[in-house]
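Examining the three-dimensional arrangement
Here is what each chain is made of, one letter per residue.
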Amino acid sequence: MFFRWLEFLVLFVITPVVLYLVRSDIAALLLPVLCLLSAYCCHHLWRQGVLKRQWEEAKRVDFSRLFPVLLVFLPGGLLVFLAAELLSPLLSGEVQTLSLQVWLAVALIYPLFSVIPQELIFRTFFFHRYHNLFPSRDHRLWLSSACFGFAHLLYANWIAVILSFAGGLLFGYRYLKSGSIAVVIVEHSLWGLLLFSTGLGSFFIASQTL
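It should be emphasised that the depicted structure is a prediction, and the values quoted were computed from it without experimental measurement. (Residues numbered from 1 in each chain as written. Predicted model: local features only at pLDDT ≥ 70, side-chain atom pairs only at ≥ 80, totals over all residues. Heavy atoms only, no water.)

It is at 11 Å that the axes of helix α6 (residues 100–129) and helix α8 (residues 158–178) come closest, and there the two elements cross at 55°. With respect to each other, α6 and α8 are oriented oblique. Here α6 and α8 pass one another in a crossing that is right-handed. Contacts between α6 and α8 involve Glu-119, Arg-123, Thr-124, Phe-127 and His-128 from the former and Gly-168, Phe-171, Gly-172, Tyr-175 and Leu-176 from the latter. Partitioning the contact of α6 with α8 into residue classes produces four nonpolar, four polar and two charged. (Axes fitted to C-alpha atoms, helices over the stretch in contact; angles between N-to-C directions. Helix = DSSP H or I, 4+ residues; strand = E, 2+ residues; numbered from the N terminus. Parallel < 35°, antiparallel > 145°, perpendicular 65-115°, else oblique. Left-handed = near helix turned anticlockwise from the far one by under 90°. Contact = heavy atoms within 4.5 Å. Nonpolar A, V, L, I, M, F, W, Y, C, P; charged D, E, K, R; others polar.)

This is the structure in structure tokens:
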């Protein structure tokens, strides 16, 4: 239990603080760091048989299991799009839209090297690894969401933190309801690409100010 507490503090408290402090120096290394942390989590998930179970779950994902995702994303995405349009004059100079070529590159790289590692760490690993520390599913949901938002502090703006906390609640809830990380990866990718499409993805780029 002591090691679990120590691991929790290192991964979800100390590491985000360190990354925030050195963000200007390692901006180009954020994805490799994220993948390394994900590899550590996958090591434990593999030993516990969780990855094998999730792979079997992924093979059973079909439209019926993705329908609840779309049921939230379509109206919610429309609200985010309208909010981005309304806020764009107030956020002038901070919101930057992407060219088609850059957007296509983001659409390919973002799910593979950002969404999947994040979901393995903050959903699959967190919910399984710390079951004994936080037996209540509700407590794990709220705490994982808080850790998810806190991890985005490295982008040095409160919009990224708040949106990530809200996203963490949604993705955590979806994971608990569906039991499939593959479903959550699809949902996370949809919302992330929507943010980059509306220009709000500008808040998820490492900055030197807060």
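Here we take up the side chain of Ser-38. Considering the arrangement of structural elements, one finds Ser-38 in helix α3 (residues 30–47). Owing to a relative accessible area of 6%, Ser-38 belongs among the buried residues under this scheme. In this structure, Ser-38 is in contact with Pro-117, Leu-120 and Ile-121, ignoring residues within four places of it in sequence. (Buried < 20%, exposed > 50% of the residue type's maximum accessible area, 1.4 Å probe, protein only.)

Okay, unusual backbone geometry next. Trans peptide bonds make up the majority, and among non-glycine residues the majority have a negative phi. One non-glycine residue with positive phi stands out, namely Ala-156, at about 60°. Positionally, Ala-156 belongs in the loop between α7 (137–151) and α8.

A full pass over the atoms with the stated rule returns 21 aromatic pairs. Seen in terms of ring centroids, Trp-5 and Phe-134 are 5.5 Å apart; in terms of plane orientation they differ by 85°. Their pairing is edge-to-face. Linking Trp-5 in helix α1 (residues 2–21) with Phe-134 in the loop between α6 and α7, this pair joins segments that are 129 residues apart in sequence. Among the residues examined, Phe-134 registers a relative accessible area of 13% and is labelled buried. Taking the centre distance of 5.5 Å and the plane angle of 65° together, the rings of Phe-12 and Phe-122 count as edge-to-face. You can see Phe-12 sitting in helix α1 and its partner Phe-122 sitting in helix α6, a full 110 residues away along the chain. (Phe/Tyr/Trp six-rings, centres within 6.5 Å; stacked < 30°, edge-to-face > 60°.)

Compared with an ideal rise of 1.5 Å per residue, which puts 18 residues at 26 Å, helix α9 (residues 181–198) spans 26 Å between its outermost C-alpha atoms and is within 8% of the ideal. Put simply, Ser-180 is the residue that caps the front of α9, since its side-chain oxygen is 3.3 Å from the backbone nitrogen of Ala-182. Once α9 ends, the next one or two residues include Gly-199, with phi positive near 95°. (Expected span 1.5 Å × (residues − 1). Polar contact = N/O pair within 3.5 Å; in protein donor to acceptor, adjacent residues only side chain to side chain.)

Another aspect to go through is the layout of surface pockets. Size it by volume and the largest pocket reaches roughly 1200 Å³. Residue lining of the largest pocket: 48 residues in total, with Tyr-110, Ser-114, His-152, Tyr-155 and Phe-204 positioned closest to the centre. Counted by class, the lining of the largest pocket contains 37 nonpolar, eleven polar and no charged residues. (1 Å grid on protein atoms, 1.4 Å probe; cavity = no way out; pocket = protein on both sides within 12 Å on 5 of 7 lines; lining within 4 Å. Points joined across faces, edges and corners; volume = space filled by probe spheres on them.)

Our focus in this paragraph is the nonpolar core. If you look at the biggest cluster of nonpolar residues, it comprises 45 residues, and the most contacted ones within it are Phe-8, Phe-12, Phe-122, Phe-125, Phe-126, Tyr-130 and Trp-191. If we ignore the near neighbours within four places in the chain, the residues touching Phe-122 are Phe-12, Phe-127, Ser-144, Cys-147, Phe-148 and Ala-151. (Core = buried A, V, L, I, M, F, W, Y, C linked by side-chain atoms within 4.5 Å.)

Our focus in this paragraph is the pattern of salt bridges. Tallied over the entire structure, the rule returns six salt bridges. Between Glu-7 and Arg-129 there is a salt bridge; the shortest N-O distance is 2.9 Å. In this pair, Glu-7 is assigned in helix α1 and Arg-129 in helix α6, connecting sequence segments 122 residues apart. Taking the relative accessible area as the measure of exposure, Glu-7 reaches 5% and is therefore buried. Between Lys-59 and Glu-56 there is a salt bridge, with its nearest N and O atoms 3.3 Å apart. Classification of Glu-56 as partly exposed rests on a relative accessible area of 32%. Salt bridges linked by common partners bring Glu-57, Arg-60 and Arg-65 together as one network. (Salt bridge = Lys/Arg side-chain N within 4 Å of Asp/Glu carboxyl O.)

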